Amino acid sequence: MQRIYIQEVATRDGFQIEDQFVPTDQKVELINKLGTAGVDKIEVTSFVSPKAVPNLRDAEEVMKGIDRKPGVTYTTLIPNAKGAERAAACEADEVNLVASVSETHNKKNVRRTVDQSFADFNTIADVLSGTGIQINGTLATTFGCPFEGGIDENRVMTLIDQYLDLGAGGITLADTTGMATPKQVHQLCEHVLNRWPDLPVTLHFHNTRGMGLANVMEGIRVGVTRYDASLGGLGGCPFAPGATGNICTEDLVHMLRFMDYEMNADLDQLIAASRDLETILQREVPGQIIKAGKISDLHSVSYS
């Protein structure tokens, strides 16, 4: 069976839209548990303005406080050259750049045109030159935009080229608002891998319309092996009506584990971490496995 790489985004994508501030020590402890659980990459935080994302105002403290596990990539999202400098000072393994394929969504998200975003990215690449920090390029709204509708596949391919031209070592195709269908995922990923067969491609799905895990299976069918997921199913795009969380890490690992795919991630440790997450947030999280249990969990029978 294929080796599947599990990439955790809860502490950035999930925490950024939480109403209450998650204390720094709790973030650090959770990230350490995720590293111990064997996820392959953790998007730790984002070096953005504290005014824009108050819950990530402790980005430096979190990055400097975590215990880095061998084999785990610790990445951060950055919006600009200042963010790149902060990430470099914290010795991030990788930075994640994000631009929307949709002009409307990009303007809503970062108040810039897509061309302006890529001009900023070229400046970021210059700042990071010689640091050894890798660049991952994410394309938000790859599979559809809630404002513009369908996305031209050719535009996706053009923007991938632009990311590669500035030195990106990997590409993430993001279904930011949960509009992707399995057929669409299969078709686009097949075309991307046919053009760039050695390109590390990540798929980032939201479960807004209940198709997240089905989309994963279509990605695997065409050869994509890297998947973003969020512990407990946290997350969601704050600029899209009705958008809900990312696909749930423990639900994803549970599905793939019982289909005999190879992963480093430990399911039981992820389930325990998800229960800890509920304690941190003081509410239930959307994930299903912590509610229903694993399919291997059996129950005693009482006859009366």
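Residues numbered from 1 in each chain as written. Predicted model: local features only at pLDDT ≥ 70, side-chain atom pairs only at ≥ 80, totals over all residues. Heavy atoms only, no water.

- The protein has the name Hydroxymethylglutaryl-CoA lyase in an unreviewed UniProt entry, where Halobacillus naozhouensis is given as its organism.

## Looking at the overall build of the protein
Then comes step 1: Helices and strands together make up the secondary structure of the protein, namely 12 helices and 8 strands.
Then comes step 2: Taking 19 Å as the expected radius of gyration for a compact globule of 304 residues, we find that the protein reaches 19 Å, a close match to that expectation.
Then comes step 3: When the backbone C-alpha atoms are referred to their principal axes, the protein occupies close to 70 × 40 × 35 Å.
Then comes step 4: Scored against the burial criterion, the 304 residues of the protein give a buried share of 55%.
Then comes step 5: Long-range pairs, those at least 24 residues apart, make up 74% of the contacts in the protein between residues at least 6 apart in sequence.
Then comes step 6: Summed over all atoms, the accessible surface of the protein reaches about 13200 Å², with 47% contributed by carbon and sulfur. (Helix = DSSP H or I, 4+ residues; strand = E, 2+ residues; numbered from the N terminus. Rg over C-alpha atoms; globule rule 2.2 N^0.38 Å. Buried < 20%, exposed > 50% of the residue type's maximum accessible area, 1.4 Å probe, protein only. Contact = heavy atoms within 4.5 Å. Areas by Shrake-Rupley, 256 points an atom, 1.4 Å probe, with all protein chains shown as cover.)

## A look at unusual backbone geometry
Excluding glycine, a negative phi dihedral is what most residues carry, and trans is how most peptide bonds are arranged.
Then comes step 1: Of note in the backbone geometry, Arg 111 takes a positive phi value of approximately 60° without being a glycine.
Then comes step 2: Tracing the chain through its elements places Arg 111 in the loop between α5 (103–110) and α6 (114–128).
Then comes step 3: Unlike most non-glycine residues, Thr 141 shows phi in positive territory, near 55°.
Then comes step 4: Turning to its location among the elements, Thr 141 is positioned in the loop between β5 (134–140) and α7 (153–165).
Then comes step 5: Overall, the relative accessible area of 0% leaves Thr 141 in the buried class.

## Concerning helix α8 (residues 182–195)
Then comes step 1: Taking 1.5 Å of rise per residue, the 14 residues of α8 would be expected to cover 20 Å, and the 20 Å separating its terminal C-alpha atoms lies within 8% of that figure.
Then comes step 2: Among the residues of α8, Val 185, His 186, Leu 188, Cys 189, Val 192 and Leu 193 are the ones counted as buried. (Expected span 1.5 Å × (residues − 1).)

## A closer look at the environment of Ile 124
Then comes step 1: Tracing the backbone shows Ile 124 in helix α6.
Then comes step 2: Residues Ile 124 and Asn 96, spaced 28 residues apart in sequence, show a C-alpha to C-alpha distance of 11 Å.

## Quick word on the state of the cysteines
Then comes step 1: A full pass over the atoms with the stated rule returns 0 disulfides.
Then comes step 2: Cysteine Cys 189 shares no disulfide, and the gap to the nearest cysteine sulfur, in Cys 145, comes to 19 Å. (Disulfide = S-S within 2.5 Å.)

## Considerations on the environment of Ala 59
Then comes step 1: Here Ala 59 lies in helix α3 (residues 59–65).
Then comes step 2: Once the C-alpha coordinates of Ala 59 and Gln 16 are considered, the two residues, 43 residues apart in sequence, prove to be 11 Å apart.
Then comes step 3: In this view, Ala 59 contacts Thr 45, Ser 46, Phe 47 and Arg 86; residues no more than four positions away in its chain are not counted.

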